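# Examination of the molecular architecture
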Amino acid sequence: MLTIIIAVTAGIGVGAASAHYWGPYWGIGFGMVTIMVLQLLIGLWVRRKINAINGGIQNVLQEAQKHIGRKVRLLQQKPQGNAKTMQKLLEKDQEGYLRQVLVQVETMAPMCRWNIMLRKQMNTMKMIYNYQLRDFKKVDELMPKVMFFDPRAVAMKLARMYKNDMPGMDKFFRKKIRKFKDDNAVLIYAVYSWILMKRDRQDEATKVLIEAKNKTSNPVITANWEALVNGMPKKFSNAGLGDEWYALFLEEPKLRQQRMNKSMYQ
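Predicted, not measured: the structure shown is a model, and the values here were computed from it. (Residues numbered from 1 in each chain as written. Predicted model: local features only at pLDDT ≥ 70, side-chain atom pairs only at ≥ 80, totals over all residues. Heavy atoms only, no water.)

### Digging into the overall build of the protein
Along its length, the protein carries 11 helices and zero strands. Counting from the amino terminus, helix and strand elements in the protein follow one another as α-α-α-α-α-α-α-α-α-α-α. Put simply, the protein has 266 residues, and 43% of those count as buried. Within the protein, counting contacts between residues at least 6 apart in sequence, those at least 24 apart form 61% of the total. (Helix = DSSP H or I, 4+ residues; strand = E, 2+ residues; numbered from the N terminus. Buried < 20%, exposed > 50% of the residue type's maximum accessible area, 1.4 Å probe, protein only. Contact = heavy atoms within 4.5 Å.)

Put into structure tokens, the structure is as follows:
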């Protein structure tokens, strides 16, 4: 918003001065050019600032991946207690890094006055990282303020709608799934079909998986479709998606090594 105000104000000033010396047509022309140039320059400056912050976030996530990877190998060589105890140790380390990331995300706040869409991007990032921290109260607070341009965000929204028994889940799925295809659609279809199965809507789950098969060749989607059409619903499982699935906390694996998610919102 501030970008527009500054650009328009400067454009009016330049336009008025130009009109005074060279006439109204030149004034309009110079005014428009000034507005466009200033918006471009300010936009590039803001983008550079945001990219620097994103780079810092990426560094934290990369360091987290390396650290947790080393710790996993160490625990495999020298176990400390049972599997649950070791998982808690990894989760504690992961939590520390995620909180560092959230601090970095918050440093984008001053840039929001320059970019009207940045606040929603920030909220989306904060929602995803708070979800990984299992701070679902914060997640639910942020959910109405986020942008659903990433499959993880859509999948998390579906998961929370299921957990909170919220209305409109089917409509939300239909509205958002149109934007995704191939690998980007897999997690969304997997979550939604799982929810349908949990709600004893197997026929609808089968239809959804048929639709999914036409948009992606993911083996988990195919296996689940085969299980349902062959009358073996107990074989329906999203476990093959690994951490991508378990990060939604809809199911707990028998044994899981925590990994940091390297992807992020730009």
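The structure having been displayed, the exposition proceeds.
### Considering the side chain of Asn-130
Assignment of secondary structure puts Asn-130 in helix α4 (residues 118-132). For Asn-130, a relative accessible area of 7% puts it in the buried group. At 2.8 Å, the side chain of Asn-130 and the backbone oxygen of Lys-126 are in polar contact. (Polar contact = N/O pair within 3.5 Å; in protein donor to acceptor, adjacent residues only side chain to side chain.)

### Focus on the packing of aromatic side chains
Scanning the entire structure with this criterion turns up eight aromatic pairs. Considering the side-chain rings of Tyr-131 and Phe-136, the 5.1 Å spacing of their centres and the 80° angle between planes classify their relative orientation as edge-to-face. With a centroid separation of 6.0 Å and 10° between ring planes, the pair formed by Tyr-131 and Phe-249 is classed as stacked. Of this pair, Tyr-131 sits in helix α4 while Phe-249 sits in the segment after α11 (243-246); the two residues are 118 residues apart in sequence, bridging distant segments of the chain. One aromatic cluster in this structure is built from Tyr-131, Phe-136 and Phe-249. The side chain of Lys-157 reaches across the aromatic face of Phe-172, ending 5.9 Å from its centre. Its guanidinium or amino end placed over the ring of Trp-225, Lys-213 lies 4.3 Å from that ring's centre, counting from NZ or CZ. (Phe/Tyr/Trp six-rings, centres within 6.5 Å; stacked < 30°, edge-to-face > 60°. Lys NZ or Arg CZ within 6 Å of the ring centre and 35° of its normal.)

### Quick look at the packing of helix α7 (residues 169-177) against helix α8 (residues 183-198)
Axis separation between α7 and α8 bottoms out at 11 Å; the angle between their running directions is 160°. Accordingly, the angle class assigned to the pair α7 and α8 is roughly antiparallel. The chirality of how α7 crosses α8 is left-handed. Here Met-169, Asp-170, Phe-173 and Ile-177 of α7 come into contact with α8, specifically with Ala-185, Ile-188, Tyr-189, Tyr-192, Ile-195 and Leu-196. Split by residue class, the contact of α7 with α8 holds nine nonpolar, no polar and one charged. (Axes fitted to C-alpha atoms, helices over the stretch in contact; angles between N-to-C directions. Parallel < 35°, antiparallel > 145°, perpendicular 65-115°, else oblique. Left-handed = near helix turned anticlockwise from the far one by under 90°. Nonpolar A, V, L, I, M, F, W, Y, C, P; charged D, E, K, R; others polar.)

### What about the nonpolar core?
The nonpolar side chains of a soluble globular protein tend to be buried, and buried together. The biggest cluster of nonpolar side chains holds 46 residues, and the ones touching the most others in it are Met-127, Leu-158, Phe-173, Tyr-189, Val-191, Trp-245 and Leu-248. Elements supplying a minimum of two residues to this core: α4, α5 (136-142), α6 (151-163), α7, α8, α9 (202-213), α10 (219-229) and α11. The biggest single contributor to this core is α8, with 12 residues. Once residues within four sequence positions are removed from consideration, Met-127 is found in contact with Val-139, Leu-142, Met-143, Val-146, Ala-153 and Met-156. (Core = buried A, V, L, I, M, F, W, Y, C linked by side-chain atoms within 4.5 Å.)

### Here's the deal with the packing of α9 against α10
Remark: α9 packs on α10, axes separated minimally by 9 Å, with the N-to-C direction vectors making an angle of 140°. Considering their axes alone, α9 and α10 lie oblique with respect to each other. In the packing of α9 onto α10, the handedness of the crossing is left-handed. Contacts between α9 and α10 pair Gln-202, Ala-205, Thr-206, Leu-209, Ile-210, Ala-212 and Lys-213 from the former with Ile-221, Thr-222, Asn-224, Trp-225, Leu-228 and Val-229 from the latter. Residue composition of the contact of α9 with α10, by class: eight nonpolar, four polar and one charged.

### Observations concerning unusual backbone geometry
Backbone geometry places Arg-134, a non-glycine residue, at a positive phi of 65°. Phi at Asp-200 takes a positive value of approximately 60°, unusual for a residue other than glycine. By the element assignment, Asp-200 lies in the loop between α8 and α9.

### So, the environment of Ala-185
The topology assignment puts Ala-185 in helix α8. Among the residues examined, Ala-185 registers a relative accessible area of 0% and is labelled buried. Spatially, the C-alpha atom of Ala-185 lies 9.8 Å from that of Asp-150, the residues being 35 residues apart in sequence. Setting aside chain neighbours within four positions, we find Ala-185 in contact with Ile-177 and Phe-180.

### Observations regarding α6
Given a rise of 1.5 Å per residue, 13 residues ought to cover 18 Å, and the 18 Å separating the end C-alpha atoms of α6 matches this to within 8%. With respect to burial, α6 is a largely interior element, 11 of its 13 residues being buried. By the burial criterion, the buried members of α6 are Pro-151, Arg-152, Ala-153, Val-154, Ala-155, Met-156, Lys-157, Leu-158, Ala-159, Arg-160 and Met-161. Elements in contact with the buried residues of α6: α4, α5, α7 and α8. N-cap assignment for α6: the residue whose side-chain oxygen lies 2.8 Å from the backbone N of Arg-152 is Asp-150. Positive backbone phi, approximately 55°, marks Asp-165, located one or two places after α6. (Expected span 1.5 Å × (residues − 1).)

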